[in-house]
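Residue-level structural notes
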2 protein chains.
Amino acid sequence: MAESWSFLDTFEPDFRPLVVIELAKGTKEETIEWFTKRIVDKKANGGAQLLVKPLVTENGNENIYLVGASHLRLLLGAESVGLVKECNDNSMRTFTYSTRKTFKDFADDNHNFLTMAECQYIIKHELENLRAKDEKMIPGYPQAKLYPGKSIVRRLLTSGILIQIFPLHDREELKKLRHSWYGRVKVGYQPLDEIRCYFGETIALYFGFLEYFTFALIPMAVIGIPYYVFAWEDYDKYVMFATFNLLWSTVILEVWKRICAIMTYRWGTLLMKRQFEEPRSGFHGVLGINPVTGREEPVYSSIKRQMRIYLVSLPFVCLCLYFSLHVMMIYFDLEQWALDYHEENESNFSSLMLFVPSIIYAVVIEIMNRIYRYAAEFLTSWENHRLESSYQNHLILKVLVFNFLNCFASLFYIAFVLVDMKLLRQSLATLLITSQILNQFAESLLPYWLQKRHKKRMKKHTCSLKTDKDLSLAGQVNLEKEMGTYFGTFDDYLELFLQFGYVSLFSCVYPLAAVFAVLNNITEIYSDALKMCRVYKRPFAEPTANIGVWQLAFETMSVISVVTNCILIGMSPQVNALFPDSKMDLILTVALVEHLLLAIKFIMAFVIPDKPRDIQIKLAKLEFESLEALKQQ
Amino acid sequence: MAESWSFLDTFEPDFRPLVVIELAKGTKEETIEWFTKRIVDKKANGGAQLLVKPLVTENGNENIYLVGASHLRLLLGAESVGLVKECNDNSMRTFTYSTRKTFKDFADDNHNFLTMAECQYIIKHELENLRAKDEKMIPGYPQAKLYPGKSIVRRLLTSGILIQIFPLHDREELKKLRHSWYGRVKVGYQPLDEIRCYFGETIALYFGFLEYFTFALIPMAVIGIPYYVFAWEDYDKYVMFATFNLLWSTVILEVWKRICAIMTYRWGTLLMKRQFEEPRSGFHGVLGINPVTGREEPVYSSIKRQMRIYLVSLPFVCLCLYFSLHVMMIYFDLEQWALDYHEENESNFSSLMLFVPSIIYAVVIEIMNRIYRYAAEFLTSWENHRLESSYQNHLILKVLVFNFLNCFASLFYIAFVLVDMKLLRQSLATLLITSQILNQFAESLLPYWLQKRHKKRMKKHTCSLKTDKDLSLAGQVNLEKEMGTYFGTFDDYLELFLQFGYVSLFSCVYPLAAVFAVLNNITEIYSDALKMCRVYKRPFAEPTANIGVWQLAFETMSVISVVTNCILIGMSPQVNALFPDSKMDLILTVALVEHLLLAIKFIMAFVIPDKPRDIQIKLAKLEFESLEALKQQ
């Protein structure tokens with residue numbers, strides 16, 4: 001290893017820009033010099049040993065820097081992030097520089113062995129792990145304190161010197177991807193492997209899940225249509241539909257785990273080890289020794305973290321939930337008051353007043369959502385999780401619970417307190433359809449249109465210049481740095497999660513929900529693809545082995561649906577008519593059926609293995625080999 | 001490795017007998033010669049490379065053979081079974097011969113590095129993995145067919161040539177163990193580490209669980225006593241007691257996992273890999289290549305196994321359960337009939353008749369239990385599981401479900417169909433106490449008495465002989481070979497499981513159950529210890545990392561208890577009095593509370609980590625090292 005690093009002293013002649021660093025205008029020279037020196041400095045000196053080149057545009061140096069790396073440096077970086085690649089014998093193994101010859105498609109002159117997304121991920125990883133040594137502050141900025149082990153990039157970002165870091169698009173590749181993804185009207189699957197090569201595993205897995213989920217909803221939609229067409233209202237048909245839905249949702253969630261394992265095994269991320277993850281860039285603590293790896297890194301007491309989670313975050317979340325419920329109750333009171341007012345003095349003003357509570361409520365919800373989201377991010381960051389995945393899971397859990405309540409509390413109230421099935425069906429349909437339309441518009445089409453306008457303006461600017469290759473790069477960088485930032489798959493999953501709630505929680509009241517969900521998801525695939533390719537900056541690839549806490553969220557939702565559907569069926573007049581004498585028998589029957597369904601669900605989840613047999617065998621084989629290797633030592 | 005094996009050519013001068021093989025009287029000479037040759041033959045020739053010596057008694061050779069092994073052979077065997085030992089740096093590592101110097105207490109002349117139980121386990125493992133090569137049959141027994149890969153010992157056992165294989169007791173060690181275990185009256189913990197050294201991990205873990213469970217029941221017992229003393233019948237006190245019980249049982253089961261991880265990490269079995277287990281001796285199939293290890297071994301299609309499980313075993317079990325319920329209904333009918341008969345013509349005969357249904361039912365249950373147990377063993381063996389652990393889990397699951405129904409179905413019937421709480425309390429107390437007394441008597445005291453009588457008779461026989469050392473060994477072997485065989489911890493766990501059912505399922509009706517359970521378990525520890533040390537043959541040690549499917553069984557029981565307790569509280573007259581107008585409100589409240597309790601249980605199980613943090617770190621460290629080792633390759 002030590003030997004290989006020394007090869008890097010020579011400067012690479014063909015510099016390929018991969019990542020863009022934008023510094024604030026007016027950043028002091030000494031800071032820039034120090035920062036770029038750290039980036040290019042040798043590993044042994046605490047540098048990242050990457051290549052840096054300032055971007056020169058017609059306006060001179062705009063404090064934009066392009067970062068690249070030699071092929072060798074990238075291979076060594078691939079080893080240090082623990083990339084898993086396919087070997088010549090078709091097994092998946094952790095890449096190491098010394099065993100590079102055993103990997104499929106490896107050749108010393110094959111610069112496509114690592115995908116561009118992987119190269120950019122490596123560079124991001126190396127930049128984020130540039131840590132302060134004995135510097136007490138960022139040179140030139142005495143207020144930006146540093147201490148040993150502090151991530152330099154993180155401090156530069158928080159002190160506003162570093163505006164952003166983002167990976168460059170590859171126009172050729174993007175064009176090809178766009179064509180095979182949504183360029184032609186076709187029936188078929190998305191090119192998930194190509195998406196993964198370009199955008200990384202997290203995003204590819206989201207699109208994989210979206211596609212899978214859409215297919216999985218089709219049976220529900222098909223069965224739901226006749227209920228609408230023939231206006232079936234028989235209790236037995238509803239019971240059948242709901243039972244099918246509940247068991248089906250268990251099956252699809254279990255099968256997804258298997259499909260996910262197959263995909264991530266092929267991508268190598270199923271084998272990437274979590275515990276060897278470097279601490280996330282926001283993680284801080286006293287410099288100590290990691291007990292697992294024996295390496296020096298910041299250490300933070302897990303008891304302190306637990307205390308913060310359980311003594312501060314948890315009570316705060318509960319308080320917010322209570323507050324949100326309180327606001328909902330006020331809304332229902334206001335609504336009642338408006339109705340009464342309208343009945344008493346019927347006028348144009350009073351009928352206008354009918355809409356006021358809903359509007360106020362919608363606005364308040366939106367404000368609360370934003371404040372809560374901000375607070376949740378602050379709290380989760382303050383909890384100081386060592387791993388990015390752990391941070392994400394805690395953040396998702398917080399936001400999820402709140403959103404669940406905000407979206408469904410009013411429906412629950414209508415269903416189980418007001419007991420008004422007509423109103424429930426109507427609210428459900430309105431909420432589902434409007435949220436879908438608004439989402440697609442606000443999420444993709446509007447930004448796409450804004451982006452297009454901006455691009456046109458930019459083109460006008462630059463078309464006066466000669467189309468030199470270097471200048472076209474400058475143009476690309478300037479264009480991309482103004483594009484919006486994609487903040488991860490969080491909101492996309494949240495949308496699907498809430499949709500799943502609309503479909504399954506009250507499925508026996510509104511069987512048509514699945515039909516709308518399928519239709520929405522088909523266009524969602526296209527609008528999300530458009531969003532990824534055209535609207536946003538290219539995001540950094542993020543390796544992942546599964547959809548993480550979302551799996552749990554969907555499973556919990558499907559358990560809650562069993563309860564809600566059983567209650568809804570129990571309340572339906574048709575079922576009530578079956579037990580004319582005794583309400584008690586009815587409730588007991590419903591409770592019995594509910595427990596049976598829950599038991600079946602758990603048994604099914606237990607019996608269906610999470611990984612297909614061949615993946616299990618491959619994993620066992622790898623573990624066996626690694627143990628044998630340890631024996632040989 | 002190849003080199004080390006060649007050292008074994010020289011015969012060890014100090015032969016230490018570890019395992020006894022008893023062949024049938026009149027076994028043909030050629031068979032004995034072939035079998036012993038295979039045992040001592042070199043590994044390369046398909047032998048086990050162990051040492052064998054016939055036991056010579058005053059009656060001449062009785063076809064009893066003592067098996068031992070050289071120290072070196074045992075160390076190599078320890079490597080091949082994957083034993084995990086403590087290193088000099090206090091970490092636990094898989095033992096290998098080449099790294100032997102790094103292990104704690106290792107010295108070439110320290111023959112106590114491996115415990116006697118480990119040595120015996122190694123020898124058993126090697127004997128069971130003696131597999132047929134090109135033999136078509138056992139020499140001398142043309143009807144005992146062999147095929148490549150068939151375990152020779154298994155075929156010898158099934159064809160009746162081999163009567164038994166068992167490990168010898170170590171009288172000195174046993175004396176010490178007995179003394180520290182139950183020899184003196186003391187307050188304190190059991191010597192679990194010593195038990196583990198002598199009897200192996202499975203048995204030590206059972207005693208560890210028994211002890212832990214007893215301590216865990218004490219709070220329930222303490223809280224339960226005032227209910228009996230002051231005859232509390234207030235609903236709120238019952239609700240409190242039941243709620244405490246339900247949450248407490250979740251906590252104790254979660255904490256047990258952590259304690260179990262701490263113990264088995266110390267014993268090294270937490271790190272032993274399941275997938276590298278050799279196939280169990282009963283496993284058969286076509287000789288093929290194991291996809292994980294690449295070694296030649298019998299292979300059996302997992303689809304065929306699944307078919308056998310779901311298409312034959314599952315329907316059979318369901319049928320048996322149905323039949324058992326049917327028998328119970330007949331019993332209740334008979335009971336009613338006897339009662340009616342007694343009321344009509346009151347006489348001595350009729351009052352005698354009152355007992356007849358119970359007696360018939362008890363006998364039928366016992367017969368059914370035995371037949372079912374036999375069928376379950378046959379079916380599970382026929383399912384052809386590759387691993388012993390998987391075989392055990394499937395067997396346990398089958399027997400468990402049936403026993404659960406047999407034990408509790410009548411109580412459920414009394415509680416929820418007859419709704420007679422007095423009768424329920426009475427039946428519960430009778431069942432619990434009589435089953436505890438009977439169990440302790442039938443399981444330990446009776447066998448102990450029989451064993452003592454037998455020993456006396458044997459002593460009379462042998463005391464006429466001179467007390468030569470070799471002859472005292474012969475006496476010991478003759479004594480031990482007549483002792484009963486301990487068939488594993490299954491029945492002991494089953495007893496605890498049913499006890500847990502009595503304590504938790506109806507805890508709000510009979511709070512005193514926990515008191516009886518604690519009292520029973522304290523004596524159970526002593527009687528089980530007596531049973532292990534005095535009554536049975538020494539069992540082979542069996543490494544295990546946890547209590548396996550029993551954990552799941554106990555957890556399922558605690559979920560079922562939430563349901564039963566909520567229903568019982570809902571049915572109590574005190575709670576009914578709170579809802580005088582509306583039964584419906586009562587049931588809805590009960591259902592709500594039940595769901596809340598279940599939700600809390602699941603959240604608690606999710607939040608409490610299964611392994612303590614330091615064990616997690618140690619495991620992660622080992623995994624990290626093994627991955628680093630793979631990289632070095």
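Residues numbered from 1 in each chain as written. Chains lettered and ligands numbered in written order. Predicted model: local features only at pLDDT ≥ 70, side-chain atom pairs only at ≥ 80, totals over all residues. Heavy atoms only, no water.

Looking at an unreviewed UniProt entry, one finds chain A named Anoctamin and attributed to Pelecanus crispus. Its UniProt record gives chain A the following Subcellular location (unreviewed entry) comment, quoted word for word: "Membrane". (UniProt positions renumbered as here; feature names shortened; annotations may be inferred.)

The subject of this paragraph is the UniProt feature "transmembrane region" (unreviewed entry) in chain A. As annotated in UniProt, the feature "transmembrane region" (unreviewed entry) corresponds to residues 212-232, 238-256, 309-332, 352-372, 395-416, 496-519 and 586-608 of chain A in the numbering used here. Taken end to end, residues 238-256 of chain A has its terminal C-alpha atoms 26 Å apart, with 100% of it in helix and 0% in strand. (Helix = DSSP H or I, 4+ residues; strand = E, 2+ residues; numbered from the N terminus.)

In this structure, Trp181(A), Phe408(A), Phe497(A), Phe506(A) and Trp550(A) are the most contacted members of the largest nonpolar core, which totals 107 residues. Element by element, the count of residues in this core is highest for helix α13 (residues 388-418) of chain A, at 15 residues. Among the nonpolar cores identified, the runner-up in size contains 106 residues, and Phe199(B), Tyr486(B), Tyr502(B) and Ile547(B) belong to it. (Core = buried A, V, L, I, M, F, W, Y, C linked by side-chain atoms within 4.5 Å. Buried < 20%, exposed > 50% of the residue type's maximum accessible area, 1.4 Å probe, protein only.)

Each of the two copies of the chain can be brought onto the other by a rotation about an axis and a shift along it. Structural alignment of chain B on chain A gives an RMSD of 0.0 Å, achieved by rotating through 180° and translating 0.0 Å along the axis. The two molecules are tied by a two-fold rotation axis, judged by turn and shift. A shared interface surface links the copies, since 100% of the contact residues of chain B are contact residues in chain A too. (Least-squares fit on C-alpha atoms with pLDDT ≥ 70 in both. Contact = heavy atoms within 4.5 Å.)

Further remarks concern the packing of helix α7 (residues 192-199) of chain B against helix α8 (residues 201-229) of chain B. Two quantities define a packed helix pair, namely the angle between the axes and the distance from one axis to the other. Residues and elements named next belong to chain B. Their axes nearest at 7 Å, the elements α7 and α8 cross at an angle of 150°. Classed by the angle they form, the pair α7 and α8 counts as roughly antiparallel. Handedness of the crossing formed by α7 with α8: right-handed. Here Leu192, Ile195, Arg196 and Phe199 of α7 lie close against α8, whose contacting residues are Glu201, Ile203, Ala204, Phe207 and Gly208. Residue classes in the contact of α7 with α8 are distributed as six nonpolar, one polar and two charged. (Axes fitted to C-alpha atoms, helices over the stretch in contact; angles between N-to-C directions. Parallel < 35°, antiparallel > 145°, perpendicular 65-115°, else oblique. Left-handed = near helix turned anticlockwise from the far one by under 90°. Nonpolar A, V, L, I, M, F, W, Y, C, P; charged D, E, K, R; others polar.)

All right, on to a nonpolar patch on the surface then. Taken together, the side chains of Ile303(A), Met307(A), Tyr310(A), Leu311(A), Val312(A), Leu314(A), Phe378(A), Trp382(A), Leu552(A), Ile603(B), Phe606(B) and Val607(B) define a hydrophobic patch exposed on the protein surface, amounting to about 1,200 Å² of accessible area. Broken down by secondary-structure element, the contributors of at least two residues to the nonpolar patch are α10 (302-344) and α12 (356-382) of chain A together with α20 (583-607) of chain B. When residues in the nonpolar patch are grouped by element, the largest group, six residues, is from α10(A). Taking relative accessible area as the criterion, Phe606(B) reaches 59% and is therefore assigned exposed. (Patch = residues over 30% accessible without salt bridge, like charges linked within 9 Å, V, L, I, M, F, W, Y side chains within 5 Å. Areas by Shrake-Rupley, 256 points an atom, 1.4 Å probe, with all protein chains shown as cover. Salt bridge = Lys/Arg side-chain N within 4 Å of Asp/Glu carboxyl O.)

The subject of this paragraph is the environment of Ile608(B). Residue and element names in this part refer to chain B. Along the chain, Ile608 turns up in the loop between α20 and α21 (613-632). Look at Ile608 and you get partly exposed, because its relative accessible area is 22%. Placed 175 residues apart in sequence, Ile608 and Ile433 show a C-alpha to C-alpha distance of 34 Å.

The interface is formed by 39 residues belonging to chain B together with 39 residues belonging to chain A. For the pair chain B and chain A, the two sides together bury roughly 3,700 Å², of which 72% comes from carbon and sulfur. Where chain B meets chain A, there are zero salt bridges. At the junction of chain B and chain A, the tally comes to two residue pairs in polar contact (both at pLDDT 80 or more). Here the side of chain B that touches chain A gets 13 residues from one element, more than from any other, and that element is α21(B). Split by residue class, the side of chain B that touches chain A holds 18 nonpolar, ten polar and eleven charged. (Buried area = accessible area lost by both parts, 1.4 Å probe. Polar contact = N/O pair within 3.5 Å; in protein donor to acceptor, adjacent residues only side chain to side chain.)

All names here are of chain B. Pairing between strand β9 (residues 286-289) and strand β10 (residues 296-299): four bridges, direction antiparallel. Looking across to β10, one finds that Ile289 is bridged to Glu296. Linking β9 back to β10 in an antiparallel pair, the connection comprises six residues, with Gly294 at a positive phi of about 75°. (Pairing = 2+ DSSP bridges.)

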